[in-house]
Every structure is written in C-alpha cells, then in structure tokens.
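In case you want the letters, here they are:
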Amino acid sequence: MNPIVQLPGIQPEIAVKAIPEDERVWVPQAENVWFRPLLLNTVTGSWCNLLRVRKSGVLSRHIHPSVVVGYVIKGSWRYLEHDWVASEGSFVYEPPGEIHTLVVDEASGGATEMITFFNISGAMVYVDEKGQPSGYEDVFTKIEMCRKYYAANGLGAEYVDQFVR
C-alpha cells in the first residue's frame, strides 16, 4: 500500500459504518426521532447525517436558506406541500427558500422506521404555521447536541470530534 501524502492543515477522511451497531451513536432530536452525525463541517457550515424516525406524524415545518439533498435508505416520508413520496432508494433535492413540512404517515407508506441520509448546507430554520421562525439548527448546534448527549450516555463528549471538520 502506498503511503498517504497529506498537505499540512488538511483534515483526515472519515470512513465509518453509516448505520452504527451501537445505539448510543444515534442522538435524540425529538420523541422517536434521532440523527446520526456523519460529517459536521464547521468550515462550510454544512452537515451530513442520517435521520431516523420511528413514529408516524408531522416531524417539523421548516425552511433552508441553502440546498439540501437526501437519499432514502429505509422506509418513506413526504412533504405536506408536495404530491410525491420519498421511498426507499429515492433521491430528493430541496431548493433553498422553500417552506415544507416533513411527515411520516400512512400516505407516505406508513413504515415503522424511516432512515434518510441528508446533506444540509447552512441552517435549518423551524417555522410556525404563519411561516415565522421558531427555532433553528446549524452545524454548531448539532455539534453541541452531540457533545451533551455523548457525555451523558458514556461515549464521552469528545466522541463527536471524529465527525467535525
């Protein structure tokens, strides 16, 4: 094997099993909703994660100021504002500036578990029924959520550092 030549200041690659064997890696986001960090890029303000949902219903109404792409690994979901369903194997592109409401329900296939890979650029801004901001997540809030959760569950706060670039 050839040695890797790495320029100074370049962060190493990340090569991990996306769906972890250790359940503690999944960070709770809401009741029966978790995310699994894969890349938390503080340089670009983006992140990649798996979103896992084990419930039916509305997850969130939100808007992104930048592009989001997703790939459904398991189950299905939809947006109330559209007539399509993202099912296993589906690729989804979300344009910046669109308000949408993520739902896992009978109309989206009624799966008992949904797992989707998301690559999110910028922030995710939660909005109320009038479209007014009610909260947000960005790469820094995601890192903090991970640190607190991993510190409390025995993995250690520094566990998240392997995903931070």
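Preceding this paragraph is the structure being described.
Residues numbered from 1 in each chain as written. Predicted model: local features only at pLDDT ≥ 70, side-chain atom pairs only at ≥ 80, totals over all residues. Heavy atoms only, no water.

**Student:** In this structure, what is going on with the layout of surface pockets? I would like to understand it.
**Tutor:** A probe matching the size of a water molecule, rolled over the atoms, marks out where space remains unfilled. When its volume is computed, the largest pocket comes out at roughly 300 Å³. Every residue lining the largest pocket is counted, 21 residues in all, and those nearest its centre are Gln-29, Leu-51, Ser-60, Met-124 and Tyr-126. Considering only residue class, the lining of the largest pocket consists of twelve nonpolar, five polar and four charged. (1 Å grid on protein atoms, 1.4 Å probe; cavity = no way out; pocket = protein on both sides within 12 Å on 5 of 7 lines; lining within 4 Å. Points joined across faces, edges and corners; volume = space filled by probe spheres on them. Nonpolar A, V, L, I, M, F, W, Y, C, P; charged D, E, K, R; others polar.)

**Student:** Can you walk me through the pairing of strand E2 (residues 33-41) in this structure?
**Tutor:** One face of the sheet, then the other: side chains in a regular strand alternate in exactly this way. Of all nine residues in E2, eight are buried, a share of seventy percent or more. Note that strand E1 (residues 27-30) and E2 share three bridges and pair antiparallel. Its bridge partner lying in E2, Val-27 is registered against Phe-35. (Buried < 20%, exposed > 50% of the residue type's maximum accessible area, 1.4 Å probe, protein only. Helix = DSSP H or I, 4+ residues; strand = E, 2+ residues; numbered from the N terminus. Pairing = 2+ DSSP bridges.)

**Student:** Is there a simple way to think about the nonpolar core in this case?
**Tutor:** The nonpolar side chains of a soluble globular protein tend to be buried, and buried together. Counting residues in hydrophobic clusters, the biggest one holds 29 residues, and the most contacted among them are Leu-40, Trp-77, Phe-118 and Tyr-150. Elements with a minimum of two residues in this core: E2, strand E3 (46-53), strand E5 (68-74), strand E6 (76-79), strand E9 (99-104), strand E10 (114-121), strand E11 (124-127) and helix H1 (139-153). Counting residues per element, this core draws most heavily on H1, which supplies four residues. (Core = buried A, V, L, I, M, F, W, Y, C linked by side-chain atoms within 4.5 Å.)

**Student:** Which parts of the structure should I look at to understand the sheet that holds E3?
**Tutor:** Strand pairing in a sheet relies on backbone hydrogen bonds, with the paired strands running either antiparallel or parallel. Within the open sheet, the six strands sit side by side as E1-E2-E3-E10-E5-E8. Their pairing is antiparallel. Each edge of the open sheet carries a strand with a single partner, namely E1 and strand E8 (91-94). Looking at each pair of strands side by side, their axes are set apart by 25° on average, direction ignored. Taken together, the four bridges between E5 and E8 define a ladder with antiparallel strand orientation. Bridging from a neighbouring strand, Val-68 pairs with Glu-94 of E8. (Axes fitted to C-alpha atoms, helices over the stretch in contact; angles between N-to-C directions.)

**Student:** Which parts of the structure should I look at to understand unusual backbone geometry?
**Tutor:** With the exception of glycine, most residues fall at negative phi, and the peptide bonds are largely trans. For Asn-32, which is not glycine, the phi torsion reads 60° and is therefore positive. Note on placement: Asn-32 falls in the loop between E1 and E2.

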